[in-house]
Amino acid sequence: AQKVTQAQTEISVVEKEDVTLDCVYETRDTTYYLFWYKQPPSGELVFLIRRNSFDEQNEISGRYSWNFQKSTSSFNFTITASQVVDSAVYFCALSVPYSGGGADGLTFGKGTHLIIQP
Amino acid sequence: NAGVTQTPKFQVLKTGQSMTLQCAQDMNHEYMSWYRQDPGMGLRLIHYSVGAGITDQGEVPNGYNVSRSTTEDFPLRLLSAAPSQTSVYFCASSYSYRDPKNIQYFGAGTRLSVL
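If you're wondering where the values come from, they're calculated on a predicted model, not measured in any experiment.

Engineer: Sorry if this is basic, but what is going on with the state of the cysteines here?
Structural biologist: Covalent bonding between the sulfur atoms of two cysteines is what defines a disulfide. Residues and elements named next belong to chain A. A full pass over the atoms with the stated rule returns two disulfides over all chains. Paired by a disulfide, Cys23 and Cys92 hold their sulfur atoms 2.0 Å apart. Between Cys23 and Cys92, the S-S torsion sits near -65°, and that sign places the bridge as left-handed. Within this pair, whereas Cys23 is found in the loop between strand 3 (19-21) and strand 4 (24-26), its partner Cys92 is found in strand 10 (residues 88-95), the two being separated by 69 residues in sequence. Just as Cys23 is buried, Cys92 falls in that class too.

The following block contains the structure:
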């Protein structure tokens, strides 16, 4: 079975600070994908990034960066120079190849509520 | 540019009532799924479908039924609502179930309260 752990339930920082959201995953599959989704106060779920298990290159997109480390089963998300608009709940999720045995789909962590104070 | 459309956005039910949450996608996606989101629990998979006529249970299927008669639609039925089903429900779809890389796109959600 798959498991995703986001140990930080809530993080509060002041605007312009850097912040890192942690994600640790468990799976026996050697092929898998990791995702980050953002849920702003309006409630929708917005896809941010996808990373496969064979690509450990870090990714940077503007103020966002992601650090994937297979050795520690982690896929952490860093926001540099945070802004109030970054306030949201962020979910890390894991996808493995379809097995047909039920429960196939994304396995989500419980989410981290990020509060950026002006 | 509709994507995944869920109706209604809000619903209040009394215990024992039945209702159907609607979900439609216009992207010709093969895979569709329903999740529920509860405080501190993240999103949990209720049911999913890998194509028209094919459905399967997820992590928390009890109390819910689904069917998929067309590629576009994947309704979720509550036959006898219970207060424990108070939650926010999300429908999602992706291009194919065959490759775990496929991104799941989510609807805006339905907020359900059962009194």
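Now that the structure is up, let's keep going.
Engineer: Even after reading the chapter, I still don't get the interface of chain A and chain B, so can you show me in this structure?
Structural biologist: One frequently used descriptor of interface size is the decrease in accessible area upon assembly of the parts. At the junction of the two partners, chain A supplies 22 residues and chain B supplies 24 residues. Approximately 1,900 Å² of surface area, both sides summed, lies buried where chain A meets chain B, with 62% of it carried by carbon and sulfur atoms. Considering only the surface of chain A that becomes buried against chain B, Leu45(A), Tyr98(A) and Phe108(A) emerge as the three largest contributors, covering 28% of it. If you look at where chain A meets chain B, you find zero salt bridges. Contributing elements (two or more residues each) for the side of chain A that touches chain B: strand 5 (33-39), strand 6 (46-52) and strand 10 of chain A. At four residues, the largest contribution of residues to the side of chain A that touches chain B is made by strand 5 of chain A.

Engineer: What am I meant to see in the sheet that holds strand 8 (residues 76-78) of chain B here?
Structural biologist: Sheet strands pair via backbone hydrogen bonds, and the direction of the pair is either parallel or antiparallel. All names here are of chain B. Here we have four strands laid out as an open sheet, ordered 1-3-8-7, and antiparallel in their pairing. Taken across any chain shown, the strands that pair with only one partner, and hence form the sheet edges, are strand 1 (4-7) and strand 7 (64-66). Shown here is a sheet whose adjacent strand axes are inclined to one another by a mean of 20°, direction ignored.

Engineer: Just checking my understanding: could you explain the pattern of salt bridges for this structure?
Structural biologist: Side chains carrying opposite charge are able to pair once their charged atoms draw close together. Here the structure, examined in full by the defined rule, presents five salt bridges over all chains. Residue Asp86(A) pairs with Arg63(A) through a salt bridge whose shortest N-O separation is 2.8 Å. With a gap of 23 residues between them, Asp86(A) in the loop between strand 9 (74-79) and strand 10 and Arg63(A) in the loop between strand 7 (59-61) and strand 8 (64-69) connect regions that are remote in the sequence. Residue classification places Asp86(A) among the buried residues on the basis of a relative accessible area of 1%. On the basis of relative accessible area, Arg63(A) is assigned to the partly exposed category, the value being 25%. Here Asp38(B) and Arg36(B) are joined by a salt bridge, their closest N and O atoms 2.9 Å apart. Residue classification places Arg36(B) among the buried residues on the basis of a relative accessible area of 9%. Linked through salt bridges whose partners overlap, the residues forming this network are Arg51(A), Asp55(A) and Glu59(A).

Parameters at a glance
Residues numbered from 1 in each chain as written. Chains lettered and ligands numbered in written order. Predicted model: local features only at pLDDT ≥ 70, side-chain atom pairs only at ≥ 80, totals over all residues. Heavy atoms only, no water. Disulfide = S-S within 2.5 Å. Helix = DSSP H or I, 4+ residues; strand = E, 2+ residues; numbered from the N terminus. Buried < 20%, exposed > 50% of the residue type's maximum accessible area, 1.4 Å probe, protein only. Contact = heavy atoms within 4.5 Å. Buried area = accessible area lost by both parts, 1.4 Å probe. Salt bridge = Lys/Arg side-chain N within 4 Å of Asp/Glu carboxyl O. Pairing = 2+ DSSP bridges. Axes fitted to C-alpha atoms, helices over the stretch in contact; angles between N-to-C directions.

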